[in-house]
Structure formats: structure tokens, C-alpha cells
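Read off the chains here:
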Amino acid sequence: QVQLVESGGGLVQAGGSLRLSCAASGRTFRSYAMGWFRQAPGKEREFVAAISGSGGRTYYPDSVKGRFTISRDNAKNTVYLQMNSLKPEDTAVYYCAADRSGSIRIGVYEYDYWGQGTQVTVSS
């Protein structure tokens, strides 16, 4: 069992930056691939970023590529999402998730554990 707790959300102006953190419990953190997803009101949850267990591989959709960076510190059991050049359309609740397979995947139903989410609001 893995428990995930996100932090770092807030209100920021367009063009600004935020860094989200996700702290994980458990001794097997490095074996999990980690992902970030987001969900805006009235929309489905969508994939934002993923990172392999070692941190050596990452993947992003085109909507955030070049603006968002996922990273992890396995010594601290923490995964991060650095978000730069934020846009109003990035406004959503952001969730981190853990995948026991260890492989980078983008499907919501492929992840095993989820955090409670943190709100990110980007004003224009």
C-alpha cells in the first residue's frame, strides 16, 4: 500500500510558475513509476507527466511539453512537477499517482494509487 500526499498548489498569474510535490509512504517507492494527472471542472482526468522508477525516463503530452518537468528524489520518497509558463487552461486539480508496474504509462486506469489532489488556478 502506498499513500500519496500532494502539496504546492495555489493561485498564480499567467506566465508564472509553481512546483508541486507529492510525498509517498512505503519502502518500495523507487520501484514505482509515478505520474501526474489533472482534472478541470466538467472534464475528464488527463495525463500530464510520468517518470520511471529510477528517474531516467520521462514522458509528457504535447500540451505541457517544454513547460512542465517531472522529477523525483527517491531518497526522499518524493516526486515533483515543475510548471513554468502557466496558462489559464492549466487550471485544474492536480493529482499524483503511482504505478506498480514501474513502466511509464498514460492511462488513468493503469495507476494503482492516487493522492487527494491539489488545486492549481492560473489567472489571466
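Structural data are supplied above this passage.
The following paragraphs examine the structure supplied in this document.

Observations regarding the overall build of the protein
Part 1 of the reasoning: Secondary structure assignment for the protein yields zero helices and eleven strands.
Part 2 of the reasoning: Structurally, the protein occupies a C-alpha span of about 40 × 25 × 25 Å along its principal axes.
Part 3 of the reasoning: Within the protein, buried positions represent 45% of all 124 residues.
Part 4 of the reasoning: Across the protein, the fraction of contacts at a sequence separation of at least 24, relative to all contacts at a separation of at least 6, is 59%.
Part 5 of the reasoning: Computed over 14 positive and 10 negative side-chain charges, the inter-centroid distance for the protein is 6 Å.

Side note on the side chain of Glu-6
Part 1 of the reasoning: Looking at the secondary structure, you find Glu-6 in strand β1 (residues 4-7).
Part 2 of the reasoning: The side chain of Glu-6 sits in the buried core without any salt bridge; Arg-45 is the nearest counter-charge, 7.4 Å away.
Part 3 of the reasoning: One polar contact links the side chain of Glu-6 to the main-chain amide nitrogen of Cys-96, over a distance of 2.8 Å.
Part 4 of the reasoning: At 2.9 Å, the side chain of Glu-6 forms a polar contact with the backbone nitrogen of Gly-117.
Part 5 of the reasoning: Beyond its immediate chain neighbours, meaning those up to four positions away, Glu-6 contacts Ser-21, Cys-22, Trp-36, Tyr-94, Tyr-95, Cys-96, Gly-115, Gln-116, Gly-117 and Thr-118.

Describing the sheet that holds strand β8 (residues 78-83)
Part 1 of the reasoning: A sheet is described by the order of its strands in space; here four strands give the open sequence β1-β3-β8-β7, paired in antiparallel fashion. The strands lining the two open edges of the sheet, one partner per strand, are β1 and β7 (68-73). Here the average twist between neighbouring strands, direction ignored, is 15 degrees.
Part 2 of the reasoning: Across four bridges, the pairing between β1 and strand β3 (residues 18-24) is antiparallel.

Re the environment of Leu-86
Part 1 of the reasoning: If you trace the backbone, Leu-86 turns up in the loop between β8 and β9 (92-99).
Part 2 of the reasoning: Relative accessible area serves as the criterion here: at 2%, Leu-86 is assigned to the buried category.
Part 3 of the reasoning: C-alpha of Leu-86 to C-alpha of Ala-23: the two residues are 63 residues apart in sequence and 23 Å apart in space.
Part 4 of the reasoning: Beyond its immediate stretch of four places on either side in the chain, Leu-86 contacts Val-12, Ala-14, Gly-15, Gly-16, Ser-17, Leu-18, Arg-67, Phe-68 and Val-122.

What to know about the side chain of Asp-99
Part 1 of the reasoning: Along the polypeptide, Asp-99 turns up in strand β9.
Part 2 of the reasoning: Sequence-distant contacts of Asp-99, that is, excluding residues within four places in its chain, are made with Tyr-32, Ala-33, Arg-105, Glu-110, Tyr-111 and Asp-112.

Here we look at the nonpolar core
Part 1 of the reasoning: Membership of the largest hydrophobic core comes to 29 residues, with the highest contact counts inside it found for Leu-4, Met-34, Trp-36, Leu-81, Met-83 and Tyr-94.
Part 2 of the reasoning: Mapped by element, the contributors of at least two residues to this core are β3, β4 (33-39), β5 (46-51), β7, β8, β9 and β11 (118-123).
Part 3 of the reasoning: Once residues within four sequence positions are removed from consideration, Leu-81 is found in contact with Leu-18, Arg-19, Leu-20, Trp-36, Val-48, Ala-49, Phe-68, Thr-69, Ile-70 and Tyr-94.
Part 4 of the reasoning: Phe-47, Ala-50, Ala-97 and Tyr-111 belong to the second largest nonpolar core, which has five residues in total.

Analysis parameters
Residues numbered from 1 in each chain as written. Predicted model: local features only at pLDDT ≥ 70, side-chain atom pairs only at ≥ 80, totals over all residues. Heavy atoms only, no water. Helix = DSSP H or I, 4+ residues; strand = E, 2+ residues; numbered from the N terminus. Buried < 20%, exposed > 50% of the residue type's maximum accessible area, 1.4 Å probe, protein only. Contact = heavy atoms within 4.5 Å. Lys, Arg positive; Asp, Glu negative; His and termini not counted. Charge placed at Lys NZ, Arg CZ, Asp CG, Glu CD. Salt bridge = Lys/Arg side-chain N within 4 Å of Asp/Glu carboxyl O. Polar contact = N/O pair within 3.5 Å; in protein donor to acceptor, adjacent residues only side chain to side chain. Pairing = 2+ DSSP bridges. Axes fitted to C-alpha atoms, helices over the stretch in contact; angles between N-to-C directions. Core = buried A, V, L, I, M, F, W, Y, C linked by side-chain atoms within 4.5 Å.

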